[in-house]
Amino acid sequence: MIVRMLIASFSAFDTAGWRWPHFSPRELACRCGGKFCKGEYWHEEAFLDALEALRAEIGAPLAINSGHRCDLWNAWVGGAANSMHKQVAADVSLAGHDRHALKAAAQRTGFTGFGLGTNFLHIDRRAVPTVWLYPGSAKSWRT
Ligand SMILES: [Zn+2]
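Scope of this entry: the structure provided in the associated data block. Since we're looking at a predicted model, the values are computed, not measured.

1. Thoughts on the coordination of the zinc ion
Here is step 1: The coordination sphere of the zinc ion, as far as protein atoms go, consists of Cys30 (SG), Cys32 (SG), Cys37 (SG) and Cys70 (SG), spread over 2.3 to 2.4 Å.
Here is step 2: All donor residues of the zinc ion come from one chain, and their arrangement in sequence is C-x1-C-x4-C-x32-C. Grouping residues by exposure puts Cys32 and Cys37 together as buried.

2. Some thoughts on the nonpolar core
Here is step 1: Ranked by size, the top nonpolar core spans 28 residues in total, and within it Leu28, Leu51, Leu54, Phe111, Leu121 and Ile123 carry the most contacts.
Here is step 2: Per-element tally for this core: the top contributor is helix α2 (residues 45–58), with five residues.
Here is step 3: Excluding anything up to four places from it in sequence, Leu54 contacts Leu62, Leu102, Ala105, Ala106, Thr109, Phe111 and Ile123.
Here is step 4: Ranked by size, the runner-up nonpolar core spans five residues in total, among them Cys30, Cys32, Cys37 and Cys70.

3. Re α2
Here is step 1: Taking 1.5 Å per residue as the helical rise, α2 with its 14 residues ought to reach 20 Å, and the 20 Å between its terminal C-alpha atoms agrees with that figure.
Here is step 2: When we look at burial in α2, the residues that qualify are Glu45, Phe47, Leu48, Ala50, Leu51, Glu52, Leu54 and Arg55.
Here is step 3: Of the surrounding elements, those touching the buried residues of α2 are α1 (25–28), β2 (41–44), β4 (90–93), α4 (99–108) and β6 (120–124).
Here is step 4: One or two positions beyond α2, positive phi appears at Gly59, with a value near 65°.

4. Digging into the side chain of Glu52
Here is step 1: Counting through the fold element by element, Glu52 comes out in helix α2.
Here is step 2: Buried charge without a partner: Glu52 forms no salt bridge, and the closest opposite charge is Arg55, 6.2 Å away.
Here is step 3: Aside from chain neighbours lying at most four places away, what touches Glu52 is Trp20, Pro21, His22 and Phe23.

5. Brief notes about the packing of aromatic side chains
Here is step 1: By the definition in use, this model includes eight aromatic pairs.
Here is step 2: Between Phe47 and Phe111, the aromatic rings sit 5.6 Å apart at their centres with planes inclined by 85°, giving edge-to-face as the arrangement. Within this pair, whereas Phe47 is found in helix α2, its partner Phe111 is found in the loop between α4 and β5 (113–116), the two being separated by 64 residues in sequence.
Here is step 3: Taking the relative accessible area as the measure of exposure, Phe47 reaches 1% and is therefore buried.
Here is step 4: Linked through ring pairs, Phe13, Trp18, Trp20 and Tyr41 together constitute an aromatic cluster.
Here is step 5: One Lys or Arg, Lys103, reaches over the ring of Phe114 and ends 5.5 Å from the middle of that ring.

6. Some details on the packing of α2 against α4
Each packed pair of helices is defined by two parameters, the angle between the axes and the distance between the axes.
Here is step 1: At their nearest, the axes of α2 and α4 sit 9 Å apart, and the two run at 135° to each other. Accordingly, the angle class assigned to the pair α2 and α4 is oblique. Seen from above, α2 lies across α4 with right-handed handedness. Contacts from Leu54, Glu57 and Ile58 of α2 reach α4 at Leu102, Ala105, Ala106 and Arg108.

7. Quick notes on the environment of Ala29
Here is step 1: Inspection of the secondary structure assignment puts Ala29 in the loop between α1 and β2.
Here is step 2: With 93 residues separating them along the chain, Ala29 and His122 place their C-alpha atoms 15 Å apart.
Here is step 3: When residues no more than four places from it in sequence are discounted, the contact partners of Ala29 are Phe10, Gly39, Glu40, Tyr41 and His68.

Calculation criteria
- Residues numbered from 1 in each chain as written.
- Predicted model: local features only at pLDDT ≥ 70, side-chain atom pairs only at ≥ 80, totals over all residues.
- Heavy atoms only, no water.
- Donors = N, O, S within 2.8 Å, 3.2 Å for Na, K, Ca; no water.
- Buried < 20%, exposed > 50% of the residue type's maximum accessible area, 1.4 Å probe, protein only.
- Core = buried A, V, L, I, M, F, W, Y, C linked by side-chain atoms within 4.5 Å.
- Helix = DSSP H or I, 4+ residues; strand = E, 2+ residues; numbered from the N terminus.
- Contact = heavy atoms within 4.5 Å.
- Expected span 1.5 Å × (residues − 1).
- Lys, Arg positive; Asp, Glu negative; His and termini not counted.
- Salt bridge = Lys/Arg side-chain N within 4 Å of Asp/Glu carboxyl O.
- Phe/Tyr/Trp six-rings, centres within 6.5 Å; stacked < 30°, edge-to-face > 60°.
- Lys NZ or Arg CZ within 6 Å of the ring centre and 35° of its normal.
- Axes fitted to C-alpha atoms, helices over the stretch in contact; angles between N-to-C directions.
- Parallel < 35°, antiparallel > 145°, perpendicular 65-115°, else oblique.
- Left-handed = near helix turned anticlockwise from the far one by under 90°.

Below, the structure is given as structure tokens:
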């Protein structure tokens, strides 16, 4: 069984057996729009399982602002050189969500990396749990 792999284009991914009803390869694929790649997609079942569990736990849609990024797109948008977006991570829009409740639910459903943005929550499944802020985002996360 394939657990994790990089696919050259989301449109080339065979979705037979896709079992994550609230998410699609398209929305998790690179958003460079053909500038650097053809919509690279990183397929990782454990990440998708955690994302569906998070969706179920909060009972509301999750809008993905950024999922996988090809190397050049990650550099273009100013992502860290070792960004988890080069494999799979999600920047979830905070519109319509309680940011603290969303982060707590993500911790319960298997995410370990948390980037606390003003308008988004970055989540990933890194080996060493980490939480960070972005320039100007601290105020929005103050309790
Ligand atoms: Zn790309």
